[in-house]
Amino acid sequence: MTIDNQLDQASETESEVANTDGLMMQLDYAAPSQISQVNEPSDSLSEAQTTEHTQHVALFAQLNRSEVNFHGKVKSPLVFRDSLLALFDVVSSDYRYVPKDRSAYTVFMQMRRASSNKNLFTAQRDYFTWLFDNDPLAFCILDPIIQVHEQGVSFEVFSRDEGCYAQLTLTNEIFEQSPKPTLGTTSIDYSATLFNGIEKIRDHQQTILDIGHEAVGLQLLETMPETAEADTDSTVTTPTVKKQIIEKRINVPKSWIRALLQVQSAGQLPQDTIHLDPIALYNVLFELRMHADIKGKRRGLLIELRPQQLPVIILEPFDITVTSQVSQQQKPYQGQQAKLIRLWGRRRLSLLKRLLPHTGSVSVSLLGQGMPSYWTLKGKGFHFTFAITGFSQANWSQSLNFDLLLPKRPLHNTLAASEGLSGSNSNDDDNGLSVLIKTLANTPSTIEDLVKSLSADASLKSVPISHSQVQQWLLSGTQQGLIRYEMATQLYHYRPLTQVPLDMVQFAYHNEAEKQAFDLISRTDAVQKFSVQTVAVKGITIRADIHVEEDRRTYHSQLQLGDEGLVTKAECSCPQYLQHRLTHGVCAHLIALRLRYNQYDPNNTGNDSWHDTRVLSKRVPSKRLHQPKNKQESVQVKATHSSLMTLPVATTLDLTALAQPTAQSHAIASDKTQALTTQETAIAYVYITIAHKKITIEQTIGDKDTRQQLVFNQPAQAKAAFLQHIARFEAKGFIENQGM
């Protein structure tokens, strides 16, 4: 990113006032990082850099942090090039939905009429001046966080829409290091010019990576009068060289830092991990590129997990199933219960396309329905972790759903607080985290090694050291920006996000309404008459009475959640909503209602709500088969169809099957007949709804619908029958679909 320094200095005071999100971190760089091609020897370059046709990649680190240096020759230039380009794709991506706005077109027409008599240069200058005044972050790219450690070099980036997180580690296997690197953490300047230069890296050229404080100097000659010799009266002026560093400054918003800390922390939560072949991920990207999204239809990515079976990925609404053949890298699902997890934001997976040719294995870590998913790609000399957060910046309902997964956020920074604490008055948690950080500063470790080392520490004898206690400290340190978790190697690194410890009070809550909502949800009698009513296909309706003791009033709040967990309708009886609706933000009562719904467990039989709907689904072969031409073909199709009813059927899109030799010659003759049956699959949905004393069972397979109603004398009998029908369908192979 290149921003005019004069405009930056002139608007610095105005931007601090205009930015309501707060300026939490300022990054100062020597502008800009660059890539240069060296063809002739130079005195300023080392002997390794003076080789003909050498690409020299210089990443200029942040100037106000401790010095970090790295110099190494790249062994695999193509892997180095594609991994950094994929990193740039993530940091510059923005998948936020932008509705049509006529105001921008109106302003454009006004500017067009005003600049009709101007030349091209004057009109272009006026346009960029207007763009900087109205949207100064239009060209802003938040630069990566870089860490030089014992295993190699790691990059961390977060996208512009705060929806994607990527972590790239280039191991020492890909470098030939000549000097000893200076370990540490800093931020680098990742400009568009550097991106264009990295694209030109080729395999036949030697590539060198340099990271350090290489400031670009501007020499200013100042004439200072000086007296010559004592016996002469004349004075001469000798020029004096004054060096000034050209810097660029980036103001990072508070929401970016908060989202970065949360997504990085969520990688340590309990998760389901599956393994895929790289060709399976390629098939997913291929089908997404061949099929455009349909307006009004589902756009989820269903991952079907069955114990000791290979995972299956289903693309909605086309019901295309993607799996891969059994290989050495792939392992069956090791869980004990069948699950159907739906993910959103599947188009963001296209950012991984550059790394697929170099990938040897793919693993996916799933946190739950609509929660962040982590896609880890491993190859020779690198591993790349890509996280899809599952929510956008404007989606407050999903962001709250994600916040509740994490434990209570710390209100102070441990490093800043430990300096003023004495040994007798120090908190055990802060003391334990401080000792843990000192241990990680020496060497990265796994959680098992940390438990052993902390158990032997003499300063923690009063604290019982256990696996859960150490994990709690690690999660607290990650939320404070002090620790980085590497999912590919399961190592914890000491990585301070900023030079000065963050003030955690500013990152505890989004706004004052969220702080009040968390306070209300912690009270025992704040949420009253809570009820959840699910209507098949339409969505979920949540109602409750929120009692506020300070106001001496009880407010009736209601939320309606549609597809993807989005709030489609919100109502509240508080004065803020009645006067301003949602134009002045969401009130604390609606946020408290959303948080209370996250604690709702539909499987709990003790719930007093008699309005609930369960959705179960199962992949079944389609009955609309092609009619055979003769009797012999009919018998063959019938036999094939009967065998398919006993085996799981899916439209397998796998290019590895083309390279496998056929085991039997007669299998080729039946390939066409089998293709007619296996390529036409459908998903059967079962909606089981309970409404007080009545149970409704709806089954949908393609265009056919069946409906059945059962009425009982008591609500308790209906509740028992409701659970029995769910168990009956699960015994038939149906999986509960909580994201419907």
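Conventions we followed
- Positions within a chain are numbered from 1, following the residues in the order the chain's sequence is written.
- A pLDDT threshold of at least 70 governs which residues receive local features in this predicted model, and a stricter bar of 80 or more applies before side-chain atom pairs are shown or counted, although totals over entire chains, interfaces and linings include all residues.
- Heavy atoms throughout the structure, all of them, feed into the side-chain values; hydrogens and water do not.
- Ring pairs shown here join Phe, Tyr and Trp side chains whose ring centres sit within 6.5 Å, with only the six-membered ring taken for Trp; geometry is labelled stacked below 30 degrees between planes, edge-to-face above 60, and tilted in between.
- Each helix is a run of H or I in the DSSP string that is no shorter than four residues. Each strand is a run of E no shorter than two, and both are numbered from the N terminus.
- Burial classification: accessible surface area is computed with a 1.4 Å probe over protein chains only, and a residue below 20% of its type maximum counts as buried, one above 50% as exposed, and the rest as partly exposed.
- Paired strands are those between which DSSP finds at least two bridges.
- Every angle, taken between N-to-C directions, lies between 0 and 180 degrees, and every axis is a line fitted to C-alpha atoms, over only the stretch in contact when it is a helix.
- It is the directions from the helix axis to the C-beta atoms that the arc portrays.
- A 3.5 Å cut-off defines polar contacts: any pair of N or O atoms within that distance qualifies, except that in protein one atom must be a possible hydrogen donor and the other a possible acceptor, and neighbouring residues in sequence count only when both atoms are side-chain atoms.
- Here a residue-residue contact requires only that any non-hydrogen atoms of the pair lie within 4.5 Å.
- When a carboxyl oxygen of Asp or Glu is within 4 Å of a side-chain nitrogen of Lys or Arg, the pair counts as a salt bridge.
- Should an angle fall under 35 degrees it is called roughly parallel, over 145 degrees roughly antiparallel, and 65 to 115 degrees roughly perpendicular, with every other angle called oblique.
- In this scheme the handedness of a crossing depends on how the near helix is turned from the far one: anticlockwise by less than a right angle means left-handed, clockwise means right-handed.
- The nonpolar class holds Ala, Val, Leu, Ile, Met, Phe, Trp, Tyr, Cys and Pro. Asp, Glu, Lys and Arg form the charged class, and all remaining residues, Gly among them, are polar.
- The patches described consist of residues with a relative accessible area above 30% and no salt bridge, like charges being joined within 9 Å and nonpolar side chains (Val, Leu, Ile, Met, Phe, Trp, Tyr) within 5 Å.
- Only the protein chains shown count as cover for residues, and the accessible areas themselves come from Shrake-Rupley with a 1.4 Å probe.
- A score between 0 and 100, pLDDT records how confident the predictor is in each residue.
- By convention a nonpolar core is built from buried Ala, Val, Leu, Ile, Met, Phe, Trp, Tyr and Cys residues, the set being connected through side-chain atoms within 4.5 Å.
- Disulfide: a pair of cysteine sulfur atoms within 2.5 Å of each other.
- Expected span of a helix, by definition, is 1.5 Å for each gap between consecutive residues, and there is one gap fewer than residues.

Caption draft 1: A look at the packing of aromatic side chains. Per the stated rule, a full pass over the model turns up seven aromatic pairs. Residues phenylalanine 70 and phenylalanine 175 carry aromatic rings whose centres are separated by 5.0 Å and whose planes lie at 75 degrees to one another, so their mutual orientation is edge-to-face. Of this pair, phenylalanine 70 sits in strand β4 (residues 70–74) while phenylalanine 175 is found in strand β8 (residues 175–177), placing the two residues 105 residues apart along the sequence. Residue phenylalanine 70 is classed as buried on the basis of its relative accessible area of 3%. Residue classification places phenylalanine 175 among the buried positions, given a relative accessible area of 4%.

Caption draft 2: Spatial organisation of the pairing of strand β25 (residues 539–548). Here β25 lies mainly inside the structure; eight of its 10 residues are buried. Bridge analysis of β25 against strand β26 (residues 553–561) gives nine bridges, and the strand direction is antiparallel. Across the sheet, histidine 547 pairs through a bridge with threonine 554, a residue of β26. Hairpin remark: β25 followed by β26, antiparallel, with four residues in the connecting loop; positive phi at arginine 552, about 55 degrees.

Caption draft 3: Layout of the sheet that holds strand β15 (residues 301–305). Here four strands make up an open sheet; going across it, the order is β17-β16-β15-β18 and the pairing antiparallel. Where the open sheet ends on each side, the last strands, each with one partner, are β17 (320–322) and β18 (339–343). Sheet twist, expressed as the average angle between the axes of neighbouring strands with direction ignored, equals 25 degrees. Looking at chain direction, β15 and strand β16 (residues 312–315) are connected through four bridges and run antiparallel. Pairing of isoleucine 303 across the sheet is with isoleucine 313, part of β16.

Caption draft 4: Here's a closer look at helix α14 (residues 512–521). Among the residues making up α14, those that are buried are Ala513, Glu514, Ala517, Phe518, Leu520 and Ile521. Taken around the axis of α14, the buried residues stretch over an arc of 160 degrees, which confines them to a single face. Where α14 begins, the capping side chain belongs to asparagine 511, and its oxygen is found 3.3 Å from the backbone nitrogen of alanine 513.

Caption draft 5: Spotlight on the sheet that holds strand β9 (residues 184–187). Pairing within the open sheet is antiparallel, and its eight strands lie in the order β9-β5-β6-β7-β21-β20-β19-β14. The open sheet has two free edges, formed respectively by β9 and β14 (272–276), since each of these has just one partner strand. With direction set aside, neighbouring strand axes in the sheet form an average angle of 15 degrees. The pairing of β14 with strand β19 (residues 359–366) spans five bridges and is antiparallel. Its bridge partner being in β19, threonine 273 is matched across the sheet by serine 365. In the packing of helix α3 (residues 77–91) onto the sheet, the strands contacted are β6 (152–158), β7 (164–171) and β21 (382–388), and the crossing angle to β7 comes to about 160 degrees. Across the sheet, helix α8 (residues 278–290) touches β14, β19 and β20 (373–379), and the angle it forms with β19 is around 70 degrees.

Caption draft 6: The arrangement of the pattern of salt bridges in detail. Within this structure, the stated rule accounts for 17 salt bridges. Glutamate 156 is paired through a salt bridge with arginine 495; the nearest N and O atoms lie 2.7 Å apart. In this pair, glutamate 156 is assigned in strand β6 and arginine 495 in the loop between β23 (491–494) and α14, connecting sequence segments 339 residues apart. With respect to burial, glutamate 156 and arginine 495 carry one shared label: buried. Each of Glu156, Arg484, Glu486 and Arg495 takes part in salt bridges that share partners, so that together they form one network.

Caption draft 7: Looking closely at the packing of α14 against helix α16 (residues 588–598). In contact at an axis separation of 8 Å, α14 and α16 are set at 50 degrees when each is read in the N-to-C sense. Relative to α16, α14 is oriented oblique. For α14 against α16, the interelement crossing comes out right-handed. Each of Ala513, Glu514, Gln516, Ala517, Phe518, Leu520 and Ile521 in α14 lies in contact with α16, whose residues at this interface are Ala588, His589, Ile591, Ala592, Leu595 and Arg596. A per-class count over the contact of α14 with α16 returns nine nonpolar, two polar and two charged.

Caption draft 8: Layout of a nonpolar patch on the surface. On the surface, Tyr282, Phe286 and Met290 cluster together into a nonpolar patch covering about 270 Å² of accessible area. Relative to the assigned elements, tyrosine 282 resides in helix α8.

Caption draft 9: Region of the structure containing the confidence of the model for the protein. Summing up the model confidence of the protein, the mean pLDDT is 75 and the portion of residues at 70 or higher is 68%. Looking at the elements of the protein, mean pLDDT is at its lowest for helix α19 (residues 671–678), recorded as 37, and at its highest for β20, recorded as 94. In the model, residues 40–50 has pLDDT below 50 throughout and makes 13 contacts with residues more than four positions away in sequence or in other chains. Contacts for the low-pLDDT stretch residues 421–425, under 50 throughout, to residues beyond four places or in other chains number three contacts.

Caption draft 10: The packing of helix α12 (residues 447–455) against helix α13 (residues 467–479), seen in detail. Where α12 contacts α13, the axes come no closer than 10 Å and their chain directions differ by 110 degrees. When the axis of α12 is compared with that of α13, the two are roughly perpendicular. Counted together, Ile447, Glu448, Leu450, Val451 and Leu454 of α12 and His467, Val470, Gln471, Trp473 and Leu474 of α13 form the full contact between these two elements. When its residues are assigned to classes, the contact of α12 with α13 shows seven nonpolar, two polar and one charged.

Caption draft 11: View of the pairing of strand β28 (residues 611–621). β28 sits mainly inside the fold: nine of its 11 residues count as buried. With two bridges connecting them, β28 and strand β32 (residues 735–736) associate as antiparallel partners. Of the residues in β32, the one forming a bridge with leucine 616 is glutamate 736.

Caption draft 12: Representation of the nonpolar core in the model. Ranked by internal contacts, the top residues of the largest apolar core, which has 65 residues, are Phe155, Trp375, Phe384 and Phe386. Considering each element in turn, this core owes the most residues, nine residues, to α3. Not counting chain neighbours up to four residues away, the residues in contact with tryptophan 375 comprise Leu276, Leu281, Leu301, Leu343, Leu349, Leu352, Ser363, Val364, Phe384, Thr385, Phe386 and Ile388. Phe158, Trp256, Tyr485 and Met487 belong to the second largest nonpolar core, which has 44 residues in total.

Caption draft 13: How the structure looks around unusual backbone geometry. Geometrically, the link from glutamate 316 to proline 317 is a cis peptide bond, its omega value of -5 degrees lying close to zero. Mapped onto the elements of the fold, proline 317 is located in the loop between β16 and β17. Backbone geometry places glutamine 308, a non-glycine residue, at a positive phi of 60 degrees. The topology assignment puts glutamine 308 in the loop between β15 and β16.

Caption draft 14: The state of the cysteines, seen in detail. Summed over all chains, the structure comprises zero disulfides. Its sulfur unpaired, cysteine 587 is 3.8 Å from the next cysteine sulfur, which belongs to cysteine 574.

Caption draft 15: Structural detail: α13. The terminal C-alpha atoms of α13 lie 18 Å apart, and with 13 residues this matches the ideal 18 Å at 1.5 Å per residue to within 8%. For α13, the set of buried residues is Gln469, Val470, Trp473, Leu474, Leu475, Gly477, Thr478 and Gln479. Trailing α13 by a residue or two, glycine 481 shows a phi angle of about 75 degrees, which is positive.

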